[in-house]
2 protein chains.
Amino acid sequence: MKLKFDYNNMMDCAIGAHGIKKSEIDGAMTAHQSAFTEVIANSGKGWQEWTETPMISDATVDELCAFGKSIRDKATSFVVLGIGGSALGPICVFNALLHLHHNELPKEMRKAPKIYVEDNVDPERMASLLDVIDIKTSYFNVITKSGETSETLSQFIILYNMLKKALGETAAKEHIFVTTTDGKGSLYNVAKKEGFKIFGIPSGVGGRFSVLSNVGLVPFAVMGLDIKSMLAGARAMRKACENKDVYKNPALMTAFLQVKSMQAGKNISVMMPYADGLRTMADFYCQIWAESLGKAVDKAGKTVNYGQTPAKSLGVTDQHSQVQLYTEGPYDKVVTFIGVEQYGATVDIPNDSADVGDFLKGHTLNELITAERKSTEFALTKAGRSNFTILLPEVNAETVGELLMYFMYQTAFAGAYLNIDTFNQPGVEEGKKATFAMIGRKGYEEKLKELNSAVKKDEYIIC
Amino acid sequence: MKLKFDYNNMMDCAIGAHGIKKSEIDGAMTAHQSAFTEVIANSGKGWQEWTETPMISDATVDELCAFGKSIRDKATSFVVLGIGGSALGPICVFNALLHLHHNELPKEMRKAPKIYVEDNVDPERMASLLDVIDIKTSYFNVITKSGETSETLSQFIILYNMLKKALGETAAKEHIFVTTTDGKGSLYNVAKKEGFKIFGIPSGVGGRFSVLSNVGLVPFAVMGLDIKSMLAGARAMRKACENKDVYKNPALMTAFLQVKSMQAGKNISVMMPYADGLRTMADFYCQIWAESLGKAVDKAGKTVNYGQTPAKSLGVTDQHSQVQLYTEGPYDKVVTFIGVEQYGATVDIPNDSADVGDFLKGHTLNELITAERKSTEFALTKAGRSNFTILLPEVNAETVGELLMYFMYQTAFAGAYLNIDTFNQPGVEEGKKATFAMIGRKGYEEKLKELNSAVKKDEYIIC
């Protein structure tokens, strides 16, 4: 394991009354054991097939990479159509491992097509996309676990139709490949019928745990990323998370600390990477943490309304936006810093003659961002605020693989501590049904009546 | 006023026990009066000079626009150097009013330089920027209210040095213009000495309330935005917010509802625009809300640790990430939806022959995103969750001006209800001092000792 987890500032010895006591960790050995066993004993079973995603063979990876290269060689743009778990994995990995201005680089520098992950149905966004891609030389990866996602199917219908008009039916089919549950669902069926290439998602891998399945790997292959190192990192983290000693298992320990904090009223979890390349890693975390742990009932059917609300922040940027609140506001949050020891570039602040900021000259931006991270950690700790730090030696395929796998294990352990179903999402059904009703889908007539019966009072509208 | 504010779903008649009663609004008339008076009576005074920012003359705007055009005509790239309040205004306005892929458009389509707002000191980000801009034809607007911001000064030193090497000293000066407090601060002094063009910020306009001062207007002028309409929108909102009837004043009413909710344990404020163009409007809100209201003490010096943590979300995208939690998790948040009636494009979902998603065909993405917004509102309301909706007829300079001014008034009123100092940020000082100490600035030797005395226990580190 390359990552380092420092939770000193979660403890009472560092932050005082709002901290956790060692005796609380030691006193919960039964809970640790039980959470550990629930996750590890069910590894690879039911909805826990995600634990197996990094275990694929090198030969399978080679095949994926060969396919990826075949697309990379001919595509000017590569577009992922997906939302939620089908988009956040690709987004955060591209953000971390591609150049921060990938699409603006000249072709010889970027060595891969322009990349777009379209995870919304804003019509202006679709129109904007069509302004910048040449559809005739663009390739589309349609990703939905269920094969039924309205947003993704809409995008698919629009773009497939355009492709057929631009290229003719036969050639159009070559520009689309789909990633969906093998053998099941509307997208699978249409792909079979139309003859699109299909990449399967194992049935026990849920959307938000799917980044290391074909959901992520196919896009990574197209963009030429180092999948083998990423999976090696994920396997190293899996091993660390299979250690039953809570003091040696980063995901088990930090899951416990978060759950304990949540139960003590800290209902907010801030994820604050100090690197632009890890900005959207916070979005990945926000999804997996919110959707997995935000649950109305526990496994016994008892109403619990659990859930810690994740909030994303970016260091140092949000020191000028959120840190005032973190330092002086309610004691209602845990801040997770993600630090980077070695950035991908070094930038000197030169000894320029301009008569300003002399104390900065001769240093590097690397020193400045690191000093600011440590200073913010110091200030929060001094103010008695719970925080812990995940440290990456550098941002690369291997450490990103570790980090992703860590988030998955941490979430699974947290759900186990809470005795909830980590892997379902019943709370989104009502909204989906209401959308079907509004859009006039057959079978939702009653829901439409219910929707129309909601009356708004004019007195509560200001215009 | 073009915006519409619908707070039906904050009320008990819509969401039941977790809602606010009309009698609570009516019973707080003294509080409304007092909050209103504090803000309005001090309009233009002390730290409330921001109320005057939209009141500048057309002639002043014309001058700004002429300057902007002179830069626009010769710049290939335009770079804003700033952080926090000096960056978030430009970022959110560009996001709303420029093409979503502005930098990727061919020059004849974008009609303005490529735009970068550099609000971090990640060395990789600086290196990436330098990979995509031609420094010889790039122009830099250095923005800091205090003129002392370490991050911005570092960027300035680096880039000015590069400009001088590339262009020579005289020509380099033409590529930099600064926006800072008139007559004060390190940046002002060096600008005078070097002969950079200076745009002033009135001393009573704080960073997070400065978007409609030169902090925003200069960048908007360079990019050719419609400043007059934006200021007209801001003035219309100012007028609406000067209405002393809480039932007719959108900022006063929603400030009260948020404060009341916060006092009832709803310590999270989610901002969820349903438009990619408004995505970073949520960041603007997150700063102004967090930094203004996150305060340890009230005006009487009493320890209060107030503050509602803002969380940003994007519709429909985050329905697949956060809405499970919003629906089923704790009753600890207020969700603000921002809806758009008329999007800037219409995209049909065609009656394609592909055998999938038939219920979507013949509709538009516009209908889908609107149905999803209303459905999410419906589902949250049905689950008893506090939410309200801000509706924009469309996203344009005028409505963006209204929205920005609304956020500023809402925040000011909320601070007045809470009896705190809305305009300071004492909580960030400790971190700044620690950074100075670590970077070796003179006078911070004691702080360095304090920093070095913090001991980490190895037993709380996992690696």
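I will try to describe carefully the structure that is included in this document. Since the model is a prediction, treat every value here as computed from it, not as a measurement.

### Considering the overall build of chain A
Stage number 1. When helices and strands are tallied, chain A shows 19 helices and eleven strands.
Stage number 2. Taken against the 2.2 N^0.38 rule, which gives 23 Å for 463 residues, the C-alpha radius of gyration of chain A at 24 Å falls within 12% of a compact globule.
Stage number 3. A buried classification covers 65% of the 463 residues belonging to chain A.
Stage number 4. In chain A, of all internal contacts separated by at least 6 residues, the share reaching a separation of at least 24 is 75%.
Stage number 5. Carbon and sulfur atoms provide 49% of the accessible area of chain A, an area that totals close to 15400 Å².
Stage number 6. Side chains of chain A give 50 positive and 54 negative charges; the mean places of these two sets differ by 5 Å.

### Here's the deal with the interface of chain A and chain B
Stage number 1. The interface of chain A with chain B comprises 148 residues on the first partner and 148 residues on the second.
Stage number 2. Contact between chain A and chain B buries roughly 12900 Å² in total, counting both sides, with carbon and sulfur atoms accounting for 62%.
Stage number 3. The largest per-residue losses of area from chain A upon contact with chain B belong to A:Ile439, A:Tyr460 and A:Ile462, which jointly make up 7% of the total buried on that side.
Stage number 4. Remark: the boundary between chain A and chain B carries 14 salt bridges.
Stage number 5. Two residues, A:Glu430 and B:Lys382, come together in a salt bridge whose shortest N-O distance is 3.1 Å.
Stage number 6. At the junction of chain A with chain B, the criterion picks out 71 residue pairs in polar contact (both at pLDDT 80 or more).
Stage number 7. With 13 residues, the top contributor of residues to the side of chain A that touches chain B is helix α16 (residues 365-382) of chain A.
Stage number 8. Of the residues assigned to the side of chain A that touches chain B, the class counts are 67 nonpolar, 41 polar and 40 charged.
Stage number 9. Across two bridges, strand β11 (residues 461-462) of chain A lies against strand β1 (residues 4-6) of chain B in antiparallel orientation. Within the sheet, the bridge partner assigned to A:Ile461 lies in β1(B) and is B:Asp6.

### Here we look at the relation of the copies chain A and chain B
Stage number 1. Overlay of chain A on chain B (RMSD 0.0 Å): rotation 180 degrees, translation along the axis 0.0 Å. Those values place the two copies in the arrangement expected of a two-fold rotation axis. Closest to the rotation axis within chain A is the C-alpha of A:Ala311, separated from it by 2.7 Å.

### Brief notes about the pattern of salt bridges
Stage number 1. Taken as a whole and assessed by the stated rule, the structure comprises 58 salt bridges over all chains.
Stage number 2. Where B:Glu118 meets B:Arg125, a salt bridge forms, and the shortest distance between an N and an O atom there is 3.0 Å. Across the pair, exposure class does not vary: B:Glu118 and B:Arg125 are buried alike.
Stage number 3. The structure contains a network of salt bridges with shared partners spanning A:Glu118, A:Asp119, A:Arg125, B:Asp276 and B:Arg279.

### Thoughts on helix α4 (residues 58-74) of chain A
Helical geometry: 3.6 residues make up each α-helical turn, so side chains three or four residues apart lie on a common side.
Residues and elements named next belong to chain A.
Stage number 1. With 17 residues, α4 extends 25 Å from end C-alpha to end C-alpha; this agrees with the ideal 24 Å at 1.5 Å per step.
Stage number 2. Of the positions making up α4, those classed as buried are Val61, Leu64, Phe67, Gly68, Ile71 and Arg72. Down the axis of α4, the smallest arc covering the buried residues is 140 degrees, so these residues share one side. Of the residues in α4, the exposed ones pointing more than 90 degrees away from the buried face are Glu63 and Asp73.
Stage number 3. Where α4 is buried, its residues meet β4 (138-143), β5 (176-181), β6 (197-201), α11 (214-222) and α12 (227-241).

### Some thoughts on the side chain of B:Lys333
Stage number 1. Within the element layout of this structure, B:Lys333 appears in strand β9 (residues 333-340).
Stage number 2. Within the structure, B:Lys333 has its side chain in polar contact with the side chain of A:Thr309 (distance 2.9 Å).

### Section: empty space enclosed by the protein
Stage number 1. Evaluation of the coordinates by the stated rule reveals five cavities of 30 Å³ or more.
Stage number 2. Computed from the structure, the second largest cavity encloses a volume of approximately 100 Å³.
Stage number 3. In terms of lining, the second largest cavity is formed by A:Ala311, A:Lys312, A:Asp318, A:Ser321, A:Gln322, A:Tyr326, B:Leu88, B:Asp283, B:Cys286, B:Pro310, B:Ala311 and B:Lys312.
Stage number 4. At the level of secondary structure, the elements contributing two or more residues to the lining of the second largest cavity comprise β8 (309-312) of chain A together with α14 (281-293) and β8 (309-312) of chain B.
Stage number 5. It is β8(B) that contributes the most residues to the lining of the second largest cavity, three residues altogether.
Stage number 6. A class-by-class count of the residues in the lining of the second largest cavity yields six nonpolar, two polar and four charged.

### Overview of the packing of aromatic side chains
Stage number 1. With the rule as written, the count across this model stands at 46 aromatic pairs over all chains.
Stage number 2. Aromatic side chains A:Tyr406 and A:Phe407 sit 5.6 Å apart centroid to centroid with 45 degrees between the ring planes, which places their arrangement in the tilted category. As far as burial versus exposure is concerned, A:Tyr406 and A:Phe407 are alike and both buried.
Stage number 3. Residues B:Trp50 and B:Tyr409 carry aromatic rings whose centres are separated by 4.8 Å and whose planes lie at 70 degrees to one another, so their mutual orientation is edge-to-face. Separated by 359 residues along the polypeptide, B:Trp50 in the loop between α3 (29-41) and α4 (58-72) and B:Tyr409 in helix α17 (residues 397-418) bring together distant segments of the chain.
Stage number 4. Members of the aromatic cluster, connected to one another through ring pairs, are A:Phe5, A:Phe284, A:Tyr285, A:Trp289, A:Tyr406 and A:Phe407.
Stage number 5. We note A:Arg385 situated over the ring of A:Tyr331; from NZ or CZ to the ring centre the distance is 3.7 Å.
Stage number 6. A:Arg441 extends its terminal NZ or CZ atom over the ring of B:Phe359, reaching a point 3.8 Å from the ring centre.

### Brief notes about the environment of A:Ala240
All names here are of chain A.
Stage number 1. Of note, alanine 240 is situated in helix α12.
Stage number 2. Alanine 240 sits 239 residues away from methionine 1 along the chain, and the two C-alpha atoms are 7.0 Å apart.
Stage number 3. When sequence neighbours within four positions are dropped, the list of residues in contact with alanine 240 reads Met1, Lys248, Asn249 and Pro250.

### Structural notes on the sheet that holds β8(A)
Neighbouring strands of a sheet are bound in pairs by backbone hydrogen bonds; such pairs are parallel or else antiparallel.
Stage number 1. Spatial ordering of the open sheet is given by β8(A)-β7(A)-β9(A)-β10(A)-β1(A)-β11(B), a layout of six strands whose pairing is mixed. Unpaired on one side and paired on the other, β8 of chain A together with β11 (461-462) of chain B mark the two borders of the sheet.
Stage number 2. Relative to strand β10 (residues 387-392) of chain A, strand β1 (residues 4-6) of chain A is paired through three bridges, and the arrangement is antiparallel. Following the sheet pairing, A:Lys4 is matched in β10(A) by A:Leu391.
Stage number 3. Sheet strands touched by helix α13 (residues 250-263) of chain A: β1, β7 (268-273), β9 (333-340) and β10 of chain A together with β11 of chain B. Its angle to β9(A), the strand with the most contacts, is close to 150 degrees.
Stage number 4. Across the sheet, α16(A) is in contact with β9 and β10 of chain A; its angle to β9(A) comes to roughly 160 degrees.

### Some remarks on α14(B)
Stage number 1. Over its 13 residues, α14(B) runs 18 Å from end to end, which matches the ideal 18 Å to within 8%, given 1.5 Å per residue.
Stage number 2. Summarising burial for α14(B): 13 of the 13 residues are buried, a large majority.

### Thoughts on the environment of B:Val400
All names here are of chain B.
Stage number 1. Among the secondary structure elements, valine 400 is positioned in helix α17.
Stage number 2. Owing to a relative accessible area of 0%, valine 400 belongs among the buried residues under this scheme.
Stage number 3. Residues valine 400 and leucine 278 lie 122 residues apart in sequence; the distance between their C-alpha atoms is 9.2 Å.
Stage number 4. In this view, valine 400 contacts Val93, Ala96, Leu97, Met281 and Val395; residues no more than four positions away in its chain are not counted.

### Considerations on the packing of helix α5 (residues 88-97) of chain A against α11(A)
Axis angle and axis distance: for two packed helices, these are the angle between their axes and the distance between the axes, and together they describe the pair.
Residues and elements named next belong to chain A.
Stage number 1. Packing of α5 against α11 brings their axes to within 9 Å, and their N-to-C directions diverge by 40 degrees. If you check the angle between α5 and α11, you find them oblique. Handedness of the α5/α11 crossing: right-handed. Here α5 contributes Gly89, Pro90, Val93 and Phe94 to the contact with α11, which in turn contributes Val215, Pro219 and Phe220.
Stage number 2. Taken together, the residues that form the contact of α5 with α11 break down as six nonpolar, one polar and no charged.

### Details of unusual backbone geometry
Stage number 1. In this structure, A:Val316 follows A:Gly315 across a cis peptide bond, with omega equal to -5 degrees.
Stage number 2. A positive phi angle, near 45 degrees, is found at A:Asn305, a position not held by glycine.
Stage number 3. Following the sequence through the fold, A:Asn305 ends up in the loop between α14 (281-293) and β8.
Stage number 4. With phi around 55 degrees, B:Lys111 is a residue other than glycine that occupies positive phi space.

What counts, and where the lines are drawn
Residues numbered from 1 in each chain as written. Chains lettered and ligands numbered in written order. Predicted model: local features only at pLDDT ≥ 70, side-chain atom pairs only at ≥ 80, totals over all residues. Heavy atoms only, no water. Helix = DSSP H or I, 4+ residues; strand = E, 2+ residues; numbered from the N terminus. Rg over C-alpha atoms; globule rule 2.2 N^0.38 Å. Buried < 20%, exposed > 50% of the residue type's maximum accessible area, 1.4 Å probe, protein only. Contact = heavy atoms within 4.5 Å. Areas by Shrake-Rupley, 256 points an atom, 1.4 Å probe, with all protein chains shown as cover. Lys, Arg positive; Asp, Glu negative; His and termini not counted. Charge placed at Lys NZ, Arg CZ, Asp CG, Glu CD. Buried area = accessible area lost by both parts, 1.4 Å probe. Salt bridge = Lys/Arg side-chain N within 4 Å of Asp/Glu carboxyl O. Polar contact = N/O pair within 3.5 Å; in protein donor to acceptor, adjacent residues only side chain to side chain. Nonpolar A, V, L, I, M, F, W, Y, C, P; charged D, E, K, R; others polar. Pairing = 2+ DSSP bridges. Least-squares fit on C-alpha atoms with pLDDT ≥ 70 in both. Expected span 1.5 Å × (residues − 1). Arc of directions from axis to C-beta. 1 Å grid on protein atoms, 1.4 Å probe; cavity = no way out; pocket = protein on both sides within 12 Å on 5 of 7 lines; lining within 4 Å. Points joined across faces, edges and corners; volume = space filled by probe spheres on them. Phe/Tyr/Trp six-rings, centres within 6.5 Å; stacked < 30°, edge-to-face > 60°. Lys NZ or Arg CZ within 6 Å of the ring centre and 35° of its normal. Axes fitted to C-alpha atoms, helices over the stretch in contact; angles between N-to-C directions. Parallel < 35°, antiparallel > 145°, perpendicular 65-115°, else oblique. Left-handed = near helix turned anticlockwise from the far one by under 90°.

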